[in-house]
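Coordinate inspection notes
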Number of protein chains: 2
Amino acid sequence: MLTQNQPKIDWKSIIKKFIAVLGEKGVVQRKEELITYECDGLTSYRQRPAVAVLPRTTEQVAEIVKICNQYSVPFIARGSGTGLSGGALPIEDSVLIVTSLMRQILSLDLENQCVVVQPGVINSWVTQAVSGSGFYYAPDPSSQIICSIGGNIAENSGGVHCLKYGVTTNHVLGLKLVLPDGAIVDVGGQIPETPGYDLTGVFVGSEGTLGIATEITLKILKTAESICVLLADFTSVDAAAESVSDIISAGIIPGGMEMMDNISINAVEDVVATNCYPRDAAAILLVEIDGLDVEVQVNKQRVEEICKRNGARNVTTAFDPETRLKLWKGRKAAFAAAGHISPDYYVQDGVIPRTKLPYVLQEIAALSQKFGYQIANVFHAGDGNLHPLILFDNSVAGELEKVEEVGGEILKLCVKVGGSISGEHGIGADKKCYMPDMFSDTDLDTMQWVRTVFNPQGLANPGKIFPTPRTCGEAAKSSQQYVNVDRF
Amino acid sequence: MLTQNQPKIDWKSIIKKFIAVLGEKGVVQRKEELITYECDGLTSYRQRPAVAVLPRTTEQVAEIVKICNQYSVPFIARGSGTGLSGGALPIEDSVLIVTSLMRQILSLDLENQCVVVQPGVINSWVTQAVSGSGFYYAPDPSSQIICSIGGNIAENSGGVHCLKYGVTTNHVLGLKLVLPDGAIVDVGGQIPETPGYDLTGVFVGSEGTLGIATEITLKILKTAESICVLLADFTSVDAAAESVSDIISAGIIPGGMEMMDNISINAVEDVVATNCYPRDAAAILLVEIDGLDVEVQVNKQRVEEICKRNGARNVTTAFDPETRLKLWKGRKAAFAAAGHISPDYYVQDGVIPRTKLPYVLQEIAALSQKFGYQIANVFHAGDGNLHPLILFDNSVAGELEKVEEVGGEILKLCVKVGGSISGEHGIGADKKCYMPDMFSDTDLDTMQWVRTVFNPQGLANPGKIFPTPRTCGEAAKSSQQYVNVDRF
């Protein structure tokens, strides 16, 4: 473990060794080039790494990690850098291991419904590679045309279709890993269950703190015979929320079930003009139903009835791909639209039991009033996975801190009703302060045991997930901690 | 860690302390009473524990574990003792912690589709408790009317309905655990994904080596609107196996898809006389389809067509519960029936990629010929989860060893085709020798890291999962190992 009194790091020797492994082109040293790597999707935190490396193979990753160990320098893995919790944020004097040259789909096994990919492969490429044969890869984060599978693994990413099919962890069969000491191991396999401890499950969502996945075996699913998208428009948020509960209670599990409130609706209509979303609606629900055609027809009918019973003014349905895409367009553009109607926005990610939706949305409205910020709600309603977008102006001094306070209040509300401080964006650097709101000291210590055993030197992505100091208000008691970025 | 030169254990003091926690009735000391506990469902291995205790609460379990730590005595958790891999097998001078008095269903939350149970609750009780409200608990081991949820968690149990709905780990939302040092922690929660490391996933299937689950939050599912069972009868095993592949390739995921060969068919007809299974069939498939009525009707038709295209002589279908039960009756009684037609049988549990079914069944037939034992095949065909039953006479000296050799050959065959040495019965004491066939030294070491960090003294269920000595042929290199039962 590094301490603050450590001797100066011999970067010259380290870089020489990196170049011996990767060649000159695989090692990024120039400060101007390193700017690209100083943050991920959570742009409010920035820190330039000392060096970035671009390996192409498992063995190269292992060599790089071994050199980091030899010189006791921390390393952070990074895919496309679209993460929203700062999971790929460098720290000072660290090595950024970038997987963007590891973009091969290594094998396709359609008969056994799995594919093996390198971590830099873009999420949507997996579906593209198998869609001609009638398959797809289910987890679909909003950033799916740019985010990488390695990052999805690190953050256990979700997406619209995770309501029915589960988040990333449910779709990972096996992993080849480079552990924090440079050892190469295989966990899981090509079949759903393997004996011994489920290390695949622990690794998914461990945000790079337990090592780096270099080959990933993913499950692919058969494309459904029929898909229908319903857009239901409500004059009250409560009615939309009640419909969500009622649909699930009726035993229907839609492929996806998303909700957008009035602010979000108007933002997307201002920016992308779908002309589908009624500007005067208090909320809309987008419900996608997939399966056999006969099944979709029946469930479409049932969802329509439930929405109408709860007071939906209108329910539009679409079976053809073009109209379906049109109905989804506004939802997919919602975050970007928020960026257009406000100088800045802060996206929160929390989970609540579905039945608590009406209450929690009322409380968020109360927080909006109390703190004086507009909050747009656009989220995975079926999973109870909220994404409140707090609109603000970052050029006004002190605003970010206040907005972060509102975000924290929302997370505490999620925990209070039995939910979680993250649904799919991870904890990263951003939310580690809130871990003690959700876990006891003993619970966190138990996770730290696992971290320590895999990552005894603390070199793999330090400063993420776990609060240091233990609670954010508490002063650091130990010098054996990385506190290299001022903000956290 | 105990060594073989350890001082004599002060059982008198230990038992006095146990009685202080549990009362006289909670501590079983008499040798005659302890006979019940000297093996689990794997009856070929037996070892009496020094004492058995019957706690009722989490706190009592924690107290017992702390006393075990204080005196450095190993402890083994046991539910109903139906496990087939010897996971609950005591070792000499050990404490057996029996959960059969921990049988409370602690809470039902139908709105959020989860229940909280104590570990001694019987698997089928969960469904019984919620079926009136239209729900059920999906994992259904054959032993479901007697096996306990705690044991299901330990072994990550499967069952007929795990093809569509996944094995136990997919249905556990959260756990209260007593760790091997007596600390009480909560992992997971009431929602599907929680941040930080997925310790729930690691714990499920860890066979009591990482601690004892004392409160278990399970997901329950809505009962399907319609269920249909099809019985297809084939004159060739290959044709049945091909049908399994074709059904899945067609994008149909049956609730369950089971296969029985001619030996199994005749065994069950001899013993339970279902009068449904044609005695001259080379194999039958039992396919259960669930979902909306319209969906079930369509998929029933498609499955029927696929089976007929592959040469099925006849396909019987049943929608009403009574006839469905009749069709399932023989399958459910298959293991018991094998016990009637042969003095003894040895059940193996391995997994193969579904597409390798025809090849592997031929190879098993070849092993049957080579070694001269009848092998009945009755198994979860849809998952590729084989259960070959090797019929033999244990009263003939040396037979068990030979049969175990055949069992081992089958496991090696499973690994060779990319499968696994266990589908749902666990590794326990029985299969740890085969772990090196499936995992490299580095892979096993990585699992051992996790074990060691949770279980540093090695007191929680020693001698399970991991081969000691490392490979079965190798001599023990360390005295710091429990090798208290001669057989392994």
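This one's a predicted model, so the numbers in the text were calculated from it and none came from an experiment.

What follows covers the relation of the copies chain A and chain B. In the superposition of chain A on chain B (RMSD 0.0 Å, axial shift 0.0 Å), the rotation amounts to 180 degrees. Viewed as a symmetry operation, the transformation between the two copies matches a two-fold axis. Distance from the rotation axis, computed per C-alpha, reaches its smallest value in chain A at E295(A): 2.6 Å. Looking at chain A, 100% of its interface residues are interface residues in chain B too, so the copies touch through the same face.

Grouped together as the largest cluster of nonpolar side chains are 76 residues, with contacts concentrated most on L175(A) and L175(B). Looking at this core element by element, the count peaks at five residues for helix 16 (residues 441-454) of chain A. Setting aside its immediate chain neighbours within four residues, L175(B) contacts I153(B), V185(B), D186(B), V187(B), T200(B), F203(B), V204(B), A213(B), E215(B) and I216(B).

Further remarks concern the domain arrangement of chain A. All names here are of chain A. As far as domains go, chain A holds domain 1 (11-98) and domain 2 (105-222). Measuring from the centre of the C-alpha atoms in domain 1 to the corresponding centre in domain 2 gives 22 Å. Contacts between the two partners involve 17 residues from domain 1 and, on the opposite side, 18 residues from domain 2. Across the domain 1/domain 2 interface, buried area totals approximately 1,200 Å², and carbon plus sulfur atoms make up 62% of it. Looking at the side of domain 1 facing domain 2, the largest losses of area belong to T58, S80 and T82, adding up to 35% of the total buried there. Where domain 1 touches domain 2, the interface holds zero salt bridges. Viewed at the interface, domain 2 and domain 1 are joined by five residue pairs in polar contact (both at pLDDT 80 or more). Secondary structure elements with two or more residues in the side of domain 1 that touches domain 2: helix 3 (58-70) and strand 3 (75-78). Considering every element that reaches the side of domain 1 that touches domain 2, the biggest residue donor is helix 3, with seven residues.

A word on the packing of aromatic side chains. Following the criterion strictly, the structure yields eight aromatic pairs over all chains and no others. When the centroid spacing of 5.5 Å and the interplanar angle of 70 degrees are considered together, the rings of Y197(A) and F466(B) count as edge-to-face. Of this pair, Y197(A) sits in the loop between strand 9 (184-188) and helix 7 (199-203) while F466(B) sits in the segment after helix 16 (441-454), each in a different chain. Comparing Y197(A) with F466(B), the two get one shared label, buried. Lying over the aromatic face of F135(A), K222(A) brings its terminal NZ or CZ to 4.9 Å of the ring centre.

Right, let's talk about the packing of helix 8 (residues 237-249) of chain B against helix 13 (residues 357-371) of chain B for a bit. All names here are of chain B. Orientation of helix 8 relative to helix 13, taken along the N-to-C sense of each, is 150 degrees, at an axis distance of 9 Å. By the criterion of interaxial angle, the relationship of helix 8 to helix 13 is roughly antiparallel. Seen along the crossing, helix 8 lies across helix 13 with a hand that is right-handed. Along its contact with helix 8, which presents V237, D238, A241, E242 and V244, the element helix 13 presents L357, P358, L361 and Q362. A class-by-class count of the residues in the contact of helix 8 with helix 13 yields six nonpolar, one polar and two charged.

With that settled, consider a nonpolar patch on the surface. All names here are of chain A. Side chains of I105, L108 and W125 sit close together on the surface and give an oily, nonpolar patch of about 240 Å² of accessible area. Mapped onto the elements, I105 comes out in strand 5 (residues 105-109). Note on I105: relative accessible area 31%, which makes it partly exposed.

Attention now goes to the side chain of T274(B). Residue and element names in this part refer to chain B. Residue placement: T274 occurs in the loop between helix 9 (262-271) and strand 14 (283-291). Side-chain polar atoms of T274 contact the side chain of E269, separated by 2.3 Å. Not counting the four nearest positions on each side in its chain, T274 is found in contact with E269, K326, K329 and G330.

All names here are of chain B. Across the sheet, five strands lie side by side as 5-6-10-8-9; this open sheet has antiparallel pairing. Pairing within the sheet leaves two strands with one partner each, and these edge strands are strand 5 (105-109) and strand 9 (184-188). This sheet shows a mean twist of 15 degrees between the axes of neighbouring strands, independent of strand direction. In terms of strand pairing, strand 8 (residues 172-178) meets strand 9 through five bridges, oriented antiparallel. Across the sheet, V178 pairs through a bridge with I184, a residue of strand 9.

Criteria and cut-off values
- Residues numbered from 1 in each chain as written.
- Chains lettered and ligands numbered in written order.
- Predicted model: local features only at pLDDT ≥ 70, side-chain atom pairs only at ≥ 80, totals over all residues.
- Heavy atoms only, no water.
- Least-squares fit on C-alpha atoms with pLDDT ≥ 70 in both.
- Contact = heavy atoms within 4.5 Å.
- Core = buried A, V, L, I, M, F, W, Y, C linked by side-chain atoms within 4.5 Å.
- Buried < 20%, exposed > 50% of the residue type's maximum accessible area, 1.4 Å probe, protein only.
- Helix = DSSP H or I, 4+ residues; strand = E, 2+ residues; numbered from the N terminus.
- Domains from an automatic or database assignment.
- Buried area = accessible area lost by both parts, 1.4 Å probe.
- Salt bridge = Lys/Arg side-chain N within 4 Å of Asp/Glu carboxyl O.
- Polar contact = N/O pair within 3.5 Å; in protein donor to acceptor, adjacent residues only side chain to side chain.
- Phe/Tyr/Trp six-rings, centres within 6.5 Å; stacked < 30°, edge-to-face > 60°.
- Lys NZ or Arg CZ within 6 Å of the ring centre and 35° of its normal.
- Axes fitted to C-alpha atoms, helices over the stretch in contact; angles between N-to-C directions.
- Parallel < 35°, antiparallel > 145°, perpendicular 65-115°, else oblique.
- Left-handed = near helix turned anticlockwise from the far one by under 90°.
- Nonpolar A, V, L, I, M, F, W, Y, C, P; charged D, E, K, R; others polar.
- Patch = residues over 30% accessible without salt bridge, like charges linked within 9 Å, V, L, I, M, F, W, Y side chains within 5 Å.
- Areas by Shrake-Rupley, 256 points an atom, 1.4 Å probe, with all protein chains shown as cover.
- Pairing = 2+ DSSP bridges.

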